[in-house]
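Coordinates in review
Here is how the chains run, residue by residue.
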Amino acid sequence: MVNDDAVKKEFSKKPAIAPEVWHDGEFIRWDDARVHVMSHVLHYGSSVFEGIRCYRTRRGPAVFRLREHMQRFLNSAKIYRMSHPWQLDELCDAVTGLVARSGLQQCYLRPIMFRSLDEANPAFGVNPFPNPMACYIGAWDWGKYLGEEAIEQGVDVCVSSWNRLTPNSMPAMAKAGANYMNSQLIKMEALVNGFAEGIALDDRGYVSEGSGENIFLVHEGKVVTPPLSSAILPGITRDSVIEICRALEIPVVESGLQRASLYVADELFFTGTAAEVTPIRSVDRIPVGEGRRGPFTERIQRLFFDITSGEREAPGDWLTFVNEQKSASAAAADRNGHGASAEAPARKAATQAPEGAARDAIHVTLTE
Ligand SMILES: Cc1ncc(COP(=O)(O)O)c(C=O)c1O
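Residues numbered from 1 in each chain as written. Predicted model: local features only at pLDDT ≥ 70, side-chain atom pairs only at ≥ 80, totals over all residues. Heavy atoms only, no water.

**Side note on the site of the ligand**
Taken together, the neighbourhood of the ligand is formed by 17 residues, with Lys175, Tyr180, Glu209, Thr237 and Thr273 sitting nearest. Taking Tyr180, its side chain carries an N or O atom lying 2.4 Å from an oxygen atom of the ligand. Taking Ile236, its main chain carries an N or O atom lying 2.7 Å from an oxygen atom of the ligand. For the ligand, whose accessible area on its own is 380 Å², the fraction buried by protein is 96%. Only helix H3 (66–79), helix H7 (236–247) and strand E14 (267–272) provide two or more residues apiece to the shell around the ligand. Among the residues making up the shell around the ligand, the classes are represented as three nonpolar, nine polar and five charged. (Near = heavy atom within 4 Å. Polar contact = N/O pair within 3.5 Å; in protein donor to acceptor, adjacent residues only side chain to side chain. Areas by Shrake-Rupley, 256 points an atom, 1.4 Å probe, with all protein chains shown as cover. Helix = DSSP H or I, 4+ residues; strand = E, 2+ residues; numbered from the N terminus. Nonpolar A, V, L, I, M, F, W, Y, C, P; charged D, E, K, R; others polar.)

Here is the structure:
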């Protein structure tokens, strides 16, 4: 049996947490953000969620690809027939408001929508429709997901004995809480066997993704990543890396990958909001290339971090600067003759999407 205590200790360092949580249009205290134990979500996994990073920049905290994340959030809810009143702009405003009020300069944001419990008219069956929806957003400062060293040194991973979800059982396209039972099996198996992460294959045996990351392979100067049909989450970092490769004039394709291609790749790396761009240095104890971060990964990684830190211009409108949203909304409120409310700052004007932004967000979610 593995040393569970060592594994737990490594992953239980307490992060800085935003003192408030956004709930259904209001900011509430962290301690008040609670659910009833008989809530539908706890029994049947009926939640959808997002993971978004807010980066420290010279212009203050900046949220990375906020609208695309929130569009995926709404898409996930739509797939699961969740009827709710929340709109894209309102959710984006909630995020910038939460970060501004938290005082955090960088953080990870976790919007979650789930089927709750109506205590006056409780319903306990699988049928989710009688249960009310709830929506919360929390934030905390999360360091490097796979460890500080991993960004430079790379991680040792395995191919999981667990397959990724099949598209007609649990849609991997939706970021649903229940999908992460599959992710947990992959992650736990990897950890107890001494690996940092596991790579799952799809039900046909093609490479799919990590438990919480998309995967990229570099071979003979070309970057390859599995398509949506390999049961992957349409990652927003994945989309960003595809755009970054185009900006760097590195050929990039979406293509099915055999497991064996992992062993003979020149370079491999993970992408994800939490993992960012993390090199993979071995798979099943077989070194990838030279057994360390390769030159393509390093170039892509460098541009990714330069963009997220606000030092280089992104290929698109990728950063939402929280402090500038605030002053823009206060200015809008002043122009209208009322001050910005401290309780629920009006940030609509400031987070208004440029023309075509929603279409771009859908492109992120649906492309093959
Ligand atoms: C299963 C899975 N795949 C891929 C990703 C990467 O997606 P993104 O880059 O949008 O964070 C994540 C992280 O959210 C994930 O949980």
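Anyway, onward from the coordinates.
**Notes on the packing of H7 against helix H9 (residues 295–308)**
Two elements in contact, H7 and H9, have axes separated by 10 Å at closest approach and are oriented at 110°. Viewed along their axes, H7 and H9 adopt a mutual orientation that is roughly perpendicular. Where H7 crosses over H9, the handedness of that crossing is right-handed. Two secondary-structure elements touch here, H7 through Thr237, Val241, Ile244 and Cys245 and H9 through Ile300, Leu303, Phe304 and Ile307. Per-class residue counts for the contact of H7 with H9 are seven nonpolar, one polar and no charged. (Axes fitted to C-alpha atoms, helices over the stretch in contact; angles between N-to-C directions. Parallel < 35°, antiparallel > 145°, perpendicular 65-115°, else oblique. Left-handed = near helix turned anticlockwise from the far one by under 90°. Contact = heavy atoms within 4.5 Å.)

**A closer look at the environment of Tyr263**
Positionally, Tyr263 belongs in helix H8 (residues 259–264). In sequence terms Tyr263 and Asp284 are 21 residues apart; their C-alpha atoms lie 8.5 Å from each other. Every residue in contact with Tyr263, bar those within four places of it in the chain, is listed here: Val159, Val283, Asp284, Ile286 and Pro287. A polar atom in the side chain of Tyr263 sits 2.9 Å from the side chain of Arg259. At 2.5 Å, the side chain of Tyr263 forms a polar contact with the side chain of Asp284.

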